[in-house]
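What follows is the residue order along each chain.
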Amino acid sequence: MTATVTTPAARGGRRPTKKSVVPWLFLAPGLLLALVFKFWPMAKGAWLSFYDVRPFLGDKWTGLDNYTRVLTDHRFQDAIGHTLVLGIGQSLGAIVLGFVLALLLEGQARSLKIVRTAIFLPAVTATAVVGELWRLMYYPTSDGLINSGLDFLGLGPVQFLDNPDLALWSTMAMGIWIWAPYNMVIIMAGLAGVDRSLYEAAAMDGVSLRQRLRHVTLPAIRPAVGIVLTLAAIRGLRVFTEVYVLTGGGPAGSTEVWMTRAYTLGFTRNDIGGASAASVVLLCVTLLLTVTVNYFRTRGDAR
């Protein structure tokens, strides 16, 4: 009678091979950094949102009081309105301008490559640096770049950042300038996949440029536009650096957004529990909006 030896492979076990281990070794440093500096602080922040954080005195459990206080605070409610106006306006403006730039700069000419590189620079420059440059451009006297041009036209200096009625729109203009080149690159990638024979057929049929864009170009780049919309939705809710550098939330709170309010609450008033609750709410809203945009994008692609 012959004895049967059952190997690990026969029992369904599988030994790790060199091919399966090496990728994880390369990913390990990045995963460790993400765990220590991203996911652990996120979990800690969610935990602190249920406490009245009192350094050296011990944290006190408050349950949902921080969330109730944040959601009923009129300053936070105003910040939500500013966030929505700034996010929607900045996102739509950057998408439209990015689409126009993609149409104008599409091609293989060497000069176009140079122009595209120059236009893309705002997207790869630190937002704080860009904000400081725009703050100098908005300088409220005739020495500022924009106001010097207005002074030449006889319109006089404009208080772009000191006027509560203009500060939010001035911040929005800078956000559009930053993110339009980023959207341009994604849309140009979508345009590269458009079948050129469709353009030739439309031209032979005498189709106008507007109809060509509506019935040929836009349906073809729908996946790219969906990606742009998803990224724009996330950026719109998480806007912070532009506002913080340009106005700091002023004047008179006219540009205060959700993240600047949470920052002020946590680092100026030392209300760590309230700031953590505001951050958790923002995270949940961002996830919900991202899932919603992806759902409609997938549904539209399936048609």
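Residues numbered from 1 in each chain as written. Predicted model: local features only at pLDDT ≥ 70, side-chain atom pairs only at ≥ 80, totals over all residues. Heavy atoms only, no water.

Asks: Give me the environment of Leu191: which residues, what numbers.
Replies: Among the structural elements, Leu191 can be located in helix α7 (residues 167-191). Put simply, Leu191 and Ser148 are 43 residues apart on the chain and 39 Å apart in space, counted from C-alpha to C-alpha. In this view, Leu191 contacts Ala102, Leu103, Glu106, Arg196, Thr217 and Ile221; residues no more than four positions away in its chain are not counted. (Helix = DSSP H or I, 4+ residues; strand = E, 2+ residues; numbered from the N terminus. Contact = heavy atoms within 4.5 Å.)

Asks: Kindly report on the side chain of Thr171, identifying the contributing residues and their values.
Replies: Its location among the elements puts Thr171 in helix α7. Apart from residues no more than four positions distant in its own chain, Thr171 is found in contact with Leu86, Gln90, Glu242, Val243, Leu246, Thr247 and Thr255.

Asks: Residues and numbers for the pattern of salt bridges, please.
Replies: One pass over the structure, following the stated rule, counts four salt bridges. Of the charged contacts in the structure, one is a salt bridge between Asp271 and Arg69, with a shortest N-O distance of 2.6 Å. Of the two residues, Asp271 is situated in the loop between α12 (258-267) and α13 (272-302) and Arg69 in helix α2 (residues 65-72); the sequence distance between them amounts to 202 residues. The salt bridge involving Arg261 is made with Asp73; its shortest N-O contact spans 3.3 Å. Here Arg261, found in helix α12, pairs with Asp73, found in the loop between α2 and α3 (74-105); they are 188 residues apart in sequence, far enough to count as distant. (Salt bridge = Lys/Arg side-chain N within 4 Å of Asp/Glu carboxyl O.)

Asks: Quick one: what's the story with the layout of surface pockets, residue by residue and with numbers?
Replies: Computed from the structure, the largest pocket encloses a volume of approximately 1,100 Å³. Forming the boundary of the largest pocket are 33 residues, of which Met42, Arg238, Met259, Ser279 and Leu282 lie nearest the centre. Going through the elements one at a time, α1 (18-48), α10 (222-237), α11 (241-246), α12 and α13 are the ones with two or more residues in the lining of the largest pocket. In terms of residue class, the lining of the largest pocket is made up of 20 nonpolar, nine polar and four charged. Secondary-structure elements contributing two or more residues to the lining of the second largest pocket are α3, α10 and α13. (1 Å grid on protein atoms, 1.4 Å probe; cavity = no way out; pocket = protein on both sides within 12 Å on 5 of 7 lines; lining within 4 Å. Points joined across faces, edges and corners; volume = space filled by probe spheres on them. Nonpolar A, V, L, I, M, F, W, Y, C, P; charged D, E, K, R; others polar.)

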